[in-house]
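Structure assessment
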Amino acid sequence: MRIVLLGAPGAGKGTQAKKLIEKYGMPQISTGDLLRAAVSAGTALGKEAKSYMDKGELVPDSVVLGMVEERLKQDDCKKGYILDGFPRNTAQAEALDKMLAALNMSLTGAVSVDVPFEDLMKRLTGRRTCKACGQMYNIYFSAPKKEGACDKCSGELYQRDDDKEATIKKRLEVYTAQTEPLMGYYKNKGIVNSVAGTGSIDEIFSKVCAILEGK
Ligand code: AP5
Ligand code: MG
């Protein structure tokens, strides 16, 4: 399966992707995670990206496309992958189609996780992530047993720099203006399905799997 996960910031793309990795054994390609790794490593690309991420804006296509192209060529992508947070605008979607055609691949489908905007602020301000294993928590909905520590590996939990209220507002604006139109792009190709992203994480996961398995 080669799938794109669509959805607003905080819709649960990363949460669902982690469960898909466990179930189907295919890698998650999250451009947000790749960019944050570059920021942590202090590379030139990371420094450039951070200035956009801190403002809640999209990192330039030229930066992101190169990163994705390199990642798609790695061996583990031969068995399929989950694109999370990419593409983010029409130019990226068109570039992805070209990249895949050159690799003799095409997308199997796109799944949009839909959550009302009024729920997203709490999901994002409450998010905490494990520095060691990447497990996600939410202080309002799925708090760790011990404050600040990961239930799975005892790693330290951190809050993302862009999960501040002002930056979240900007990210949501950018989503509406640039990313939401991709629903139309994939509808035209006849490969998009939507799931309601409210309810329990497991309930949503069952619906996502049913779509992927054509049930
Ligand atoms: P990115 O990292 O992609 O962030 P995003 O799209 O804003 O999405 P999030 O990761 O915030 O949300 P999510 O949908 O993954 O939700 P999650 O599962 O964590 O991008 C960050 C930045 O990088 C961008 O702003 C941009 O600058 C740059 N960037 C990235 N990709 C780019 C690209 N292609 N082009 C250009 N720039 C790019 O869940 C959120 C919280 O909700 C968690 O706490 C979770 O526990 C909780 N939760 C999940 N499901 C539920 C549920 N069912 N009920 C209750 N709580 C839930
Ligand atoms: Mg994410």
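A few points on the structure. (Residues numbered from 1 in each chain as written. Chains lettered and ligands numbered in written order. Predicted model: local features only at pLDDT ≥ 70, side-chain atom pairs only at ≥ 80, totals over all residues. Heavy atoms only, no water.)

**A short note on the overall build of the chain**
Counted only if it meets this: Helix and strand labels come from DSSP, where a helix needs a run of H or I of at least four residues and a strand needs a run of E of at least two; each type is numbered from the N terminus. A radius of gyration in this sense is built from C-alpha atoms; the matching globule rule multiplies 2.2 Å by the number of residues raised to 0.38. Residue exposure (1.4 Å probe, protein chains only): buried if accessible area is under 20% of the type maximum, exposed if over 50%, otherwise partly exposed. Contacts are residue-level and defined by heavy atoms, with any inter-residue pair within 4.5 Å sufficient. In short, Shrake-Rupley with a 1.4 Å probe defines the accessible areas, and a residue's cover is counted only from the protein chains shown. Within this scheme the basic residues Lys and Arg register as positive and the acidic residues Asp and Glu register as negative, but His and the chain ends are omitted. Every charge is mapped to an atom, namely NZ of Lys, CZ of Arg, CG of Asp or CD of Glu.
Summing up its helical and strand segments, the chain has nine helices and eight strands in all. Whereas a compact globule of 215 residues would reach a radius of gyration of roughly 17 Å, the chain reaches 17 Å, a difference of no more than 12%. Projecting the C-alpha coordinates of the chain onto the three principal axes gives extents of approximately 45 × 45 × 35 Å. In the chain, which comprises 215 residues, the share counted as buried stands at 46%. Counting only contacts in the chain whose residues sit at least 6 apart along the sequence, the fraction spanning at least 24 positions is 68%. Counting every atom, the chain has about 10800 Å² of accessible surface; 50% of that belongs to carbon and sulfur. Within the chain, one finds 32 positive and 28 negative side-chain charges whose respective centroids are separated by 2 Å.

**A few points about the packing of helix 5 (residues 90-102) against helix 8 (residues 182-189)**
Put simply, the test is: The angle between two axes is taken between their N-to-C directions and runs from 0 to 180 degrees, where each axis is a line fitted to C-alpha atoms and a helix contributes only its stretch in contact. Left-handed describes a crossing whose near helix is turned anticlockwise from the far helix through less than a right angle; right-handed describes the clockwise counterpart. Each residue gets one label: Ala, Val, Leu, Ile, Met, Phe, Trp, Tyr, Cys and Pro are nonpolar, Asp, Glu, Lys and Arg are charged, and the others, such as Gly, are polar.
Taken N-terminus to C-terminus, the directions of helix 5 and helix 8 make an angle of 35°; their axes are 9 Å apart at the nearest point. Classified by chirality, the crossing of helix 8 by helix 5 is right-handed. The residues of helix 8 that touch helix 5, namely those facing Thr90, Ala93, Glu94, Leu96 and Asp97, are Leu182, Tyr185, Tyr186 and Lys189. Its residues assigned to classes, the contact of helix 5 with helix 8 shows five nonpolar, one polar and three charged.

**A word on the pairing of strand 4 (residues 109-114)**
Filter applied, for reference: Note on pairing: two strands pair once DSSP finds at least 2 bridges between them.
A large share of strand 4 lies buried, amounting to five of its six residues. Note: strand 1 (residues 2-6) against strand 4, four bridges, orientation parallel. When the bridges of strand 4 are listed, Val4 appears paired with Ala110. Pairing geometry for strand 4 and strand 8 (residues 192-196), over five bridges, is parallel. Looking at strand 8, one finds that Val113 is bridged to Val195.

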